[in-house]
Amino acid sequence: NLFLARKQVKENPKLSYILNQIEGASRNIVRILEFAKTYEMIGCQEQIPVNVGKAVEEAASLFSDLKGVKIINECSKLVVTADSVLTTVFYNLIDNALKYGQKITQIRIYAQRNNDGTCLLIVEDNGEGIDTDLKKNLFNKGYGKGTGYGLYLIRKIIEIYGWKVEEISEPGKGAKFAFKMPAELVKGI
């Protein structure tokens, strides 16, 4: 209906503005409903070995347009204990990077083993990064530039897995999320 209405009000900037507001509100409603659906699923599935590379591929395939951003997926052999909701984690991170990264050209997902045996799964982009003021509340419900549910949802999902997450980028050097996983939950690295 918005598409049809736009065709008829091309030359009326006031109505066009109102239609844009309606479209934005509709998008937020859809995001909140998707959040509720995913939030309801947290912890309901059995945790099994999940190939991270495949979860990243599935998440990326859900976008009709990556806006020229290259996804560098270096996790084809990484297997973690999780569930199918892991795809939602990667989807939300890619979506945020596309929306807020501004001059972003790539998103890189890779893993590294720490000296203590734990594993870090890193998701980073080369966009504008996250303001220092936003970082302290980044994973809190209702906080951020969008609905404030995406990163909150990510934190809740990974807590069920027994992981921890933090944003570790330097200001102006892209966003960089580090997921710390216990050694016993990781294979292939």
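Each remark here, short or long, concerns the structure printed above.
Along each chain, residue indices are assigned from 1 in the same order as the chain's sequence is written. Side-chain atom pairs in this predicted model are given and counted only at pLDDT of 80 or more, local residue features only at pLDDT of at least 70, and totals for whole chains, interfaces and linings cover all residues. Processing note: side-chain calculations cover all non-hydrogen atoms of the structure and skip hydrogens and water entirely.

We treat two strands as partners when DSSP finds at least two bridges between them. For helices the rule is a DSSP run of H or I covering at least 4 residues; for strands it is a run of E covering at least 2, with both sets numbered from the N terminus onward. Pairing is mixed in the open sheet, where five strands are placed in the order β2-β4-β5-β7-β6. This sheet does not close on itself; its edge strands, each paired only once, are β2 (70–73) and β6 (164–167). Pairwise comparison of adjacent strand axes, ignoring direction, gives a mean angle of 15° for this sheet. One ladder, built from four bridges, connects β2 with strand β4 (residues 106–113); its direction is parallel. From the neighbouring strand, N73 faces β4, where its bridge partner is I109. Note on definitions: a residue-residue contact is assigned when non-hydrogen atoms from the two residues lie within 4.5 Å. Here the axes come from fitting lines to C-alpha atoms, over the contacting stretch only for helices, and the angles between their N-to-C directions go from 0 to 180 degrees. Contacts between helix α3 (residues 52–61) and the sheet are confined to β2, β4 and β5 (119–125), with β2 contributing the most and set at about 165° to the helix.

On the secondary structure map, K103 appears in the loop between α4 (86–100) and β4. A simple rule labels every residue: compare its accessible area, found with a 1.4 Å probe on the protein chains alone, to the largest value its type can have, and call it buried under 20%, exposed over 50%, or partly exposed in between. Classification of K103 by relative accessible area gives exposed; the value is 68%. Separated by 25 residues in the primary sequence, K103 and E128 place their C-alpha atoms 6.6 Å from one another. Discounting residues that sit within four places of it in the chain, K103 has contacts with N126 and E128.

Any two of the Phe, Tyr and Trp rings considered here, Trp counted by its six-membered ring, make a pair once their centres fall within 6.5 Å; the pair's planes then place it as stacked at under 30 degrees, edge-to-face at over 60, or tilted in between. Tallied over the entire structure, the rule returns four aromatic pairs. When the ring of F139 is compared with that of F177, the centres are 6.1 Å apart and the planes differ by 80°; the resulting orientation is edge-to-face. Highlighted residues: F139 in the loop between α5 (132–135) and α6 (150–161) and F177 in strand β7 (residues 176–181), separated in sequence by 38 residues. Aromatic ring contacts, followed pair by pair, group Y161, W163 and F179 into a single cluster. In this scheme, Lys NZ or Arg CZ marks a charge over a ring once it lies within 6 Å of the ring centre and within 35 degrees of the ring normal. One residue, R108, lies across the ring of Y110, its end atom 3.7 Å from the ring centre.

Further remarks concern α4. Under the convention used throughout, the expected extent of a helix is 1.5 Å for every residue step, that is, one less than its residue count. Over its 15 residues, α4 extends 21 Å from the first C-alpha to the last, a length consistent with the 21 Å expected when each residue adds 1.5 Å. Along α4, the residues that are buried comprise L86, T87, V89, F90, N92, L93, I94, D95, A97 and L98. Downstream of α4 by a residue or two, Q102 has a phi angle that is positive, lying close to 60°.

The next subject is the pattern of salt bridges. A side-chain nitrogen of Lys or Arg and a carboxyl oxygen of Asp or Glu constitute a salt bridge if their distance falls within 4 Å. On inspection of all chains with the given rule, the structure shows eight salt bridges. Two residues, R108 and E74, come together in a salt bridge whose shortest N-O distance is 3.0 Å. Of this pair, R108 sits in strand β4 while E74 sits in the loop between β2 and β3 (79–82), placing them 34 residues apart in sequence. What makes E74 partly exposed here is its relative accessible area of 43%. Several salt bridges share partner residues, and in doing so they unite E74, R108, E124 and K176 into one network.

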